[in-house]
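Chain by chain, the residues run as shown.
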Amino acid sequence: MSLKVSDQSFEDYLASVFTMSHSSSTVSSYRLAITNKNKTGFREFLAQKYSLNEFELVEKVSSESLDIYKILNEFVVFLDSKGYKPKSIMTRMPAVKGYLRNLGLRFSSEDYKQMVRIPRIIRQREEPVTKELITKLQRNLPPKLQTVILVLSSSGMRLGELVQLELDDIDFQTHPVTLRLRAETTKTRTERETYLTTEATNSLKEYLKRSFGWKENEDNLHLKNIIIFGRTSKIINPKRKLNPRQPPHLHAESLLHNSLRYFLEKNPGLDNRNKNGRKVVHFHAFRKYFRTTVGNVCGRDFAEELMGHGFYMDTYYQLSTEKRREMY
């Protein structure tokens, strides 16, 4: 089987993954699981260990010359030897299994569980984000990051949802201000609403005025279809090459990650790490802060529903909009 045919089959598989998820980050993750520039993808593993490509593997497994469960377990051991964490290994395996299924292999879930052993995830207590820490961040970070942090910690949104927000998604006429998240922008592909505190609302208004010339109580047609947390700087680093195939919101997400990392490193007192090596301050931590704060006051179900956790989406289906706002 030629490399060209192999690559086309792989790209067809990734296209089907995108059709199901509509998530570019999921496609990127699946791509890395199969082929990786660090030579730790499944394709590289097969070439190193068995001198096979994926098509030859399927043929040999189908003829019972090779045991697919043994090979997948060896791939887990291979990733572990390369320093991959258990959680990273766990995210790669569905991509590999899905690709091999796409090529015609069939798996027994029971045999897979018994014979492919994923290292246990070591869970260590993380230092939580607190109101006091958020206050410190507001004093040390630039205005755009201040607004991002306030919006995330008061709405429970994912960063990937925030970077797809447009002005039409924000209703400044309600109290509290309502964010309407379109189904195509959410992880669960389910439309939902969440809200902003007064502090986050004021910060967001100032950000829109400063960055886009937004005016309250006007139509602001110049902001139509613009993602409001995209690039706002007019200075573009010539060394930073953007992938033209990557959607604008993924550029925005990358820029925010890089910006937060840069300013935390400039403020060592805020750049602390947990025992597991992960930074205390990261964007997902503000979602956890929201879950804890709202859950303590209004209950777990209400917090999870605002956050968009799929298994809670119907819990408050019959709760009126007025009651939801009152609870918030």
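Numbering of residues starts from 1 in each chain and follows the order in which that chain's sequence is written. Local features in this predicted model are restricted to residues whose pLDDT is 70 or higher, and side-chain atom pairs enter the listing and the counts only when it is 80 or higher, whereas totals over whole chains, interfaces and linings include all residues. The side-chain values count all of the structure's non-hydrogen atoms but skip hydrogen atoms and water molecules.

A.B. asks: Please provide a residue-by-residue account of the pattern of salt bridges, values included.
C.D. replies: We count a salt bridge whenever a side-chain nitrogen from Lys or Arg sits within 4 Å of a carboxyl oxygen from Asp or Glu. Taken as a whole and judged by the stated rule, the model has 19 salt bridges. In this structure, R182 engages D169 in a salt bridge whose closest nitrogen and oxygen atoms are separated by 2.9 Å. Residue R182 is located in the loop between strand 2 (178-181) and strand 3 (192-195), and its partner D169 is located in the loop between helix 10 (159-162) and strand 1 (170-171); the two are separated by 13 residues in the primary sequence. Throughout, exposure labels follow a simple rule: accessible area from a 1.4 Å probe, protein chains only, divided by the maximum for the residue type, with under 20% read as buried, over 50% as exposed, and the rest as partly exposed. Judged by its relative accessible area of 23%, R182 is partly exposed. For the purposes of this entry, the term helix denotes a DSSP run of H or I that reaches at least four residues, the term strand denotes a run of E that reaches at least two, and both are numbered from the N terminus.

A.B. asks: Break down unusual backbone geometry for me, with residues and values.
C.D. replies: Cis geometry is adopted by the peptide bond preceding P176, which originates at H175 and carries an omega value of 0°. Inspection of the secondary structure puts P176 in the loop between strand 1 and strand 2. Even without glycine at this site, K39 takes up a positive phi of about 65°. Here K39 is to be found in the loop between helix 2 (24-34) and helix 3 (42-50). Look at R189: it is not a glycine, yet its phi comes out positive at around 55°.

A.B. asks: Before we move on, could you go through the pairing of strand 2 and cite the residues and values that matter?
C.D. replies: Being paired, for any two strands, means DSSP has found at least two bridges between them. One ladder, built from two bridges, connects strand 1 with strand 2; its direction is antiparallel. Note on strand 2: the bridge partner recorded for I170 is L179. A loop of six residues connects strand 1 with strand 2, the two strands running antiparallel in sequence. Pairing analysis gives four bridges linking strand 2 to strand 3, with the strands arranged antiparallel. Bridge pairing links R180 to E193 in strand 3.

A.B. asks: I'd like a rundown of the sheet that holds strand 2, residues and numbers included.
C.D. replies: If you walk across this open sheet you meet the three strands as 1-2-3, and the pairing is antiparallel. The open sheet has two edge strands, strand 1 and strand 3, and neither has a second partner.

A.B. asks: Describe in detail the environment of M115, supporting the description with residues and values.
C.D. replies: Along the chain, the position of M115 falls in helix 7 (residues 109-115). Contacts are assigned to residue pairs with any non-hydrogen atoms lying within 4.5 Å of each other. When near neighbours in sequence (up to four residues on either side) are disregarded, M115 contacts D67, Y69 and N73.

A.B. asks: Please set out the nonpolar core residue by residue, giving values where relevant.
C.D. replies: Within the largest apolar cluster, 44 residues are counted, with the highest numbers of intra-cluster contacts made by L137, L162, L204, L208, F283 and F286. Within the residue set of this core, elements represented by two or more residues are helix 8 (131-140), helix 9 (143-155), helix 10, strand 2, helix 11 (198-212), helix 12 (248-265) and helix 13 (283-298). In terms of residue count, the dominant contributor to this core is helix 9 (six residues). Leaving out residues up to four positions away in the same chain, L137 has contacts with Q146, I149, L264, L270, V281 and F286. In this description, a nonpolar core means a group of buried Ala, Val, Leu, Ile, Met, Phe, Trp, Tyr and Cys residues linked to one another through side-chain atoms lying within 4.5 Å. In this structure, V58, Y69, L100 and V116 belong to the second largest nonpolar core, which totals 35 residues.

A.B. asks: How would you summarise the packing of helix 8 against helix 9 if you had to cite specific residues and measurements?
C.D. replies: Axis angle and axis distance: for two packed helices, these are the angle between their axes and the distance between the axes, and together they describe the pair. Here an angle of 0 to 180 degrees is reported between the N-to-C directions of two axes, which are lines fitted to C-alpha atoms, with helices fitted over the stretch in contact. One way to put it is that helix 8 packs onto helix 9 with a least axis distance of 9 Å and a crossing angle of 155°. Classed by the angle they form, the pair helix 8 and helix 9 counts as roughly antiparallel. Here I134, L137 and Q138 of helix 8 lie close against helix 9, whose contacting residues are Q146, I149, L150 and S153. Here the contact of helix 8 with helix 9 is composed, by residue class, of four nonpolar, three polar and no charged. In what follows, roughly perpendicular refers to angles from 65 to 115 degrees, roughly parallel to angles under 35, roughly antiparallel to angles over 145, and oblique to any angle outside these ranges. When residues are grouped by polarity, Ala, Val, Leu, Ile, Met, Phe, Trp, Tyr, Cys and Pro land in nonpolar, Asp, Glu, Lys and Arg in charged, and all others, Gly among them, in polar.

A.B. asks: Outline the packing of helix 2 against helix 6 (residues 86-102), listing residues and values.
C.D. replies: Taken N-terminus to C-terminus, the directions of helix 2 and helix 6 make an angle of 80°; their axes are 8 Å apart at the nearest point. One element, helix 2, and the other, helix 6, form an angle in the roughly perpendicular class. Contacts from Y30, A33 and I34 of helix 2 reach helix 6 at R92, P94, A95, V96 and Y99. The residue inventory of the contact of helix 2 with helix 6, partitioned by class, reads seven nonpolar, no polar and one charged.

A.B. asks: Now, about the packing of aromatic side chains: what can you tell me, with residues and values included?
C.D. replies: Centres within 6.5 Å make a pair out of two Phe, Tyr or Trp rings, where for Trp the six-membered ring is used; the pair is then stacked when the planes are under 30 degrees apart, edge-to-face when over 60, and tilted otherwise. Tallied over the full model, the rule gives 15 aromatic pairs. With centroids separated by 5.1 Å and ring planes inclined at 80°, the aromatic side chains of F42 and F75 adopt a geometry described as edge-to-face. Separated by 33 residues along the polypeptide, F42 in helix 3 and F75 in helix 5 (residues 68-81) bring together distant segments of the chain. Exposure class is identical for F42 and F75. Each is buried. Plain terms: the ring middles of F172 and W214 are 5.2 Å apart, the flat faces sit at 45° to each other, and that makes the pair tilted. Here W214 lies in the loop between helix 11 and helix 12 and F172 lies in the loop between strand 1 and strand 2, a separation of 42 residues in the sequence. Here F172 matches W214 in class, with each residue buried.

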